[in-house]
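Survey of secondary and tertiary structure
Letter by letter, the chains look like this.
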Amino acid sequence: MSNLQMKEAALIYLDRSGGLQKFLDDCKYYNDSKQSYAVYRFSILINPSDVAELDAELGNHILHQPLKAAQVFQSVCFIAVKTLSLIGQLQTETQINIVLKLTHLPPLPSYSLDLCEFPLDYTSQRFYMMQGIVIAMTTVTKYTQGARFLCSDEACPLSKGFQYIRVHVPGATESATVRNDFLCNLCSSPLQEDRKFRVLGDKQIVEIITTKALHAFRGYSDNQPFRFQSLTIFLRDESVNKMNIGNEYKIIGIPTCVKTSQTAVCIEANSIAFCNPKVPSGISDSFRCLLSLTSSSCWKFTAILANSFASQIVPPGTYNLLKLCLLMSLVQTSDRNKKLEDCLDILIITSDTLLVDRLLNFSINLVPRGIHHPVSTEIFPTLSRNKYGTGAVSIQAGTALLAKGGICFIGDLASYKKDKLEQLQSVVESRSITVYIPGKKFGDDIDQQMTFPVQCSFWSFVDMDSSSRRNMQKTNALIGQMDCSLIPANLLEAFVLLINCNESSPCHPLLPTVHHTLKKAIDPEGLLYIASKQFTTEDFEKLLAFAKNLNVEFSLEAERMIHGYYLASRRIRTDSICGSKLSSSALKYLVSLSEAHARLNLRKKVLKEDVLIAALLFETSLTLKYGATVFCVAPNAVFPFELYNEENLEQRDMYLTQCQQQLQQFIATYGPGTPVFASDE
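Residues numbered from 1 in each chain as written. Predicted model: local features only at pLDDT ≥ 70, side-chain atom pairs only at ≥ 80, totals over all residues. Heavy atoms only, no water.

An unreviewed UniProt entry lists the protein chain under the name Minichromosome maintenance domain-containing protein 2, with Equus asinus given as the organism. What the UniProt record of the protein chain gives under Function (unreviewed entry) is the line "Plays an important role in meiotic recombination and associated DNA double-strand break repair." (UniProt positions renumbered as here; feature names shortened; annotations may be inferred.)

So this is what it looks like as structure tokens:
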């Protein structure tokens, strides 16, 4: 009676949920094909809450005994097929393969699988929900959904018909479904597969890690030990190619123990959902108050942010230019799928690599996907053989794809060989990486290739103070140009921002840094400055999390100014021999810089004041790369004064207002519609 009630409940649920109509459509497809299959696969969408309300026992079966629940729906579907003559070729109930696709699981701890906990439960054969980031995936291969076997003794009644049907179940290997040692239950003769009835499906294997595991890839640690391991996910049929490397997903599946060359706990995925990040509600009270006090100026708020940022690493007022650029790069990261042109790559020329390294390590910890690339691993995807013996190639993510929507800090460029630098240049320019899969090497007939978007910003630095570099430096031929001959020219051009941080530059005051280092040595955990107490690390985290989710748009005057500056700058940096030094992507970088400054100001409208900061930063980088031009920008143009008080902020605003007038004059002289521009065109 209990089984009959569950069948009635299953039929009622199918009717109410629309699943019955989908089942009828699938039956029509099979019947119209006029082809006989060993198994007929039906996927049924199940809402556990609705089923439990309808029939508690059936709901309990779905959550805790899914294989038995599938048998209930299998029986209902078979009766429907035979009663209504939906599939003429179907003969036995075992030919129906029911796959229950769950919409969700109860939000209770017992249904959640934490990848950091041990041991993992793989014996209960029930559904769990887990969450993780994809770090590796294989190419798509085939597996056997179902097969028909016949008794080899022709005199046996079971040498015909569809009595012996093998169907894949969660956790089963290919050999569990198809092999040559099955025996007939009636006469004990060997069973033989009727290969023309074999039904194949698609299979893909991915590996995930918990989000907590990303702490292992950060250069700044709170010294709290933790354990993590990757978990293998088997995707089948409609779930294939639904996951991308670097993305985070919620997965409902059944843990199983797969025994190949090594025993491993795996998950048979049932349903997959992309994890949408939580959008923060606002900023801290301290920053809200500061924003109100500086509302009369478009530049003061970000100036104070840069001045007080990372006071645990460097004293306030030092490295302001670099810190502003870091904040602008951080605010252009995104927890969602970001535009590729939003990325702001930073290359720092420095003589104090230790301090810069600490500052960058501190900064990447303020966003969820800030990763310090370990030298012992690969930045970009690599290939390996799949350990489960499926014949598929496993593509390992690499640091850049793991840092999706965040920052990939790759350290000193000098630590990489020429081929790696060339690969980095190609990726920074194209924002994609193509992986070539040689067929012969991995047992396939044809070569394949897969292309992945690279959606992170790259940070790096170069030590220009080593003895080998000092001996090789050349005399600069152009005013303002740095000798960067040790960096490949094309790679240098690929980075949006080139920042000079050495003892002769305005952003490296030596004495405050020495005092800071000595104080930190005496009291490592102490808050040395008022700024550290006013604006904490958590305050900056909340600010960046809120600001990067702002949708900004350009005002008309800002749009005109940015196009005018780009065209004028392209005009004066063009010669008849080498052509223009500004690529077409320069305009996208200027747009991204302007948007970043507007977001950092917590504005949804990009103003001409934002374009000015973008132009000054961009022009400073161009000057370091190619030398100064008629639009001559001082190295310290963005921070011309030390910011001690309100008077210094006012002086800076007046200076930037003059710079804005100079920029407008530059556009009026060399921009579109001018005699100089028109004659050249």
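Moving on from the model shown.
Before going further, it helps to examine the overall build of the protein chain. When helices and strands are counted, the protein chain shows 22 helices and 23 strands. Within the protein chain, the proportion of its 681 residues that are buried is 53%. For the protein chain, the share of sequence-separated contacts (at least 6 apart) that also reach a separation of at least 24 residues comes to 74%. Summed over all atoms, the accessible surface of the protein chain reaches about 31500 Å², with 52% contributed by carbon and sulfur. (Helix = DSSP H or I, 4+ residues; strand = E, 2+ residues; numbered from the N terminus. Buried < 20%, exposed > 50% of the residue type's maximum accessible area, 1.4 Å probe, protein only. Contact = heavy atoms within 4.5 Å. Areas by Shrake-Rupley, 256 points an atom, 1.4 Å probe, with all protein chains shown as cover.)

A few words on the environment of S284. Counting through the fold element by element, S284 comes out in the loop between β10 (263–274) and α7 (285–293). Judged by relative accessible area, S284 falls into the buried class, the value being 8%. For S284 and K542, which are 258 residues apart along the polypeptide, the C-alpha to C-alpha distance reads 7.0 Å. Contacts of S284, omitting those with residues within four sequence positions, involve D539 and K542.

A complete count under the given rule lists 20 salt bridges for this structure. Here E553 makes a salt bridge to K605, at a shortest N to O gap of 3.2 Å. Highlighted residues: E553 in strand β20 (residues 553–554) and K605 in strand β23 (residues 605–606), separated in sequence by 52 residues. For E595, the salt bridge identified is with R599, shortest N-O distance 3.9 Å. Here the residue E595 and the residue R599 both occupy positions in helix α19 (residues 585–600), the gap between them amounting to 4 residues, near one helical turn. Exposure remark for R599: the relative accessible area of 10% places this residue in the buried category. What you see here is one network of salt bridges that share partners, running through R41, K101, D237 and E238. (Salt bridge = Lys/Arg side-chain N within 4 Å of Asp/Glu carboxyl O.)

Moving on, we get to the pairing of strand β3 (residues 128–138). Counting buried residues along β3, 9 of its 11 residues qualify, which places the element largely inside the surrounding structure. Summarising the sheet, β3 and strand β7 (residues 199–209) pair through 4 bridges and their orientation is antiparallel. From the neighbouring strand, I133 faces β7, where its bridge partner is I209. (Pairing = 2+ DSSP bridges.)

F287, W459, Y565, F618 and L663 are the most contacted members of the largest nonpolar core, which has 88 residues in total. Residues I209, C408, L421 and I487 belong to the second largest nonpolar core, which totals 62 residues. (Core = buried A, V, L, I, M, F, W, Y, C linked by side-chain atoms within 4.5 Å.)

Interaxial distance between helix α9 (residues 320–331) and α19 falls to 9 Å at its minimum, and their mutual angle equals 95°. Classed by the angle they form, the pair α9 and α19 counts as roughly perpendicular. Of the residues in α19, those touching α9 at L324, L327, M328 and V331 are L593, A596, H597, R599 and L600. Across the contact of α9 with α19, the residue classes tally to 7 nonpolar, 1 polar and 1 charged. (Axes fitted to C-alpha atoms, helices over the stretch in contact; angles between N-to-C directions. Parallel < 35°, antiparallel > 145°, perpendicular 65-115°, else oblique. Nonpolar A, V, L, I, M, F, W, Y, C, P; charged D, E, K, R; others polar.)

Bringing the packing of aromatic side chains into the picture now. Going through the model one piece at a time under the given rule, you end up with 21 aromatic pairs. Ring geometry for Y30 versus Y40: centroids 5.1 Å apart, planes at 90°, classification edge-to-face. Taken as a pair, Y30 in helix α2 (residues 19–33) and Y40 in strand β1 (residues 40–46) lie far apart in primary sequence, 10 residues in all. With respect to burial, Y30 and Y40 carry one shared label: buried. Three or more aromatic residues link up through ring pairs in this structure, and these residues are F23, Y29, Y30, Y37, Y40 and F42. (Phe/Tyr/Trp six-rings, centres within 6.5 Å; stacked < 30°, edge-to-face > 60°.)

This brings us to the side chain of S239. Mapping S239 onto the fold places it in the loop between β8 (231–236) and β9 (248–259). Sequence-distant contacts of S239, defined by excluding residues within four places in its chain, comprise K101, N270 and I272.

Another point: the pairing of strand β11 (residues 346–350). Counting buried positions along β11 yields 5 of 5 residues, so the element is predominantly enclosed. Of the two faces of β11, the one carrying I346, I348 and T350 and the one carrying L347 and I349 are both buried. Summarising the sheet, β11 and strand β18 (residues 457–463) pair through 5 bridges and their orientation is parallel. For L347, the partnering residue across the bridge sits in β18 and is S460.

With that out of the way, let us pick up the environment of Y655. Structurally, the position occupied by Y655 is in helix α21 (residues 646–670). As for Y655 and P640, which are separated by 15 residues in sequence, their C-alpha atoms are 7.8 Å apart. Beyond its immediate chain neighbours, meaning those up to four positions away, Y655 contacts A634, A637, P640 and F641.

Moving on, we come to the sheet that holds strand β15 (residues 407–412). Taken in spatial order, the 5 strands make up an open sheet running β12-β15-β18-β11-β19, and their pairing is parallel. Only two strands of the sheet have a single neighbouring strand rather than two, namely β12 (370–372) and β19 (497–501). Looking at each pair of strands side by side, their axes are set apart by 20° on average, direction ignored. Sitting on the sheet, helix α10 (residues 353–364) touches β11, β12, β15 and β18, and the angle it makes with β18 is about 170°.

Bringing the confidence of the model for the protein chain into the picture now. Summary statistics for the protein chain give a mean pLDDT of 86 and a share of 86% for residues scoring 70 or more. Confidence, expressed as mean pLDDT per element, reaches its minimum in the protein chain at helix α22 (residues 675–680) with 46 and its maximum at β23 with 96. (pLDDT = per-residue confidence, 0-100.)

Relative to the 36 Å expected for 25 residues at 1.5 Å per residue, α21 spans 36 Å between its end C-alpha atoms, a close match to the ideal helical length. Looking at α21, one finds that the buried residues are N648, L649, R652, D653, L656, C659, Q660, L663, F666 and I667. On its buried face, α21 sits against α8 (300–308), α18 (556–572) and α20 (608–626). Sitting at the amino-terminal end of α21 is N645, which places a side-chain oxygen 3.1 Å from the backbone nitrogen of E647. (Expected span 1.5 Å × (residues − 1). Polar contact = N/O pair within 3.5 Å; in protein donor to acceptor, adjacent residues only side chain to side chain.)

A positive phi angle, near 55°, is found at Y319, a position not held by glycine. Its location among the elements puts Y319 in the loop between α8 and α9.

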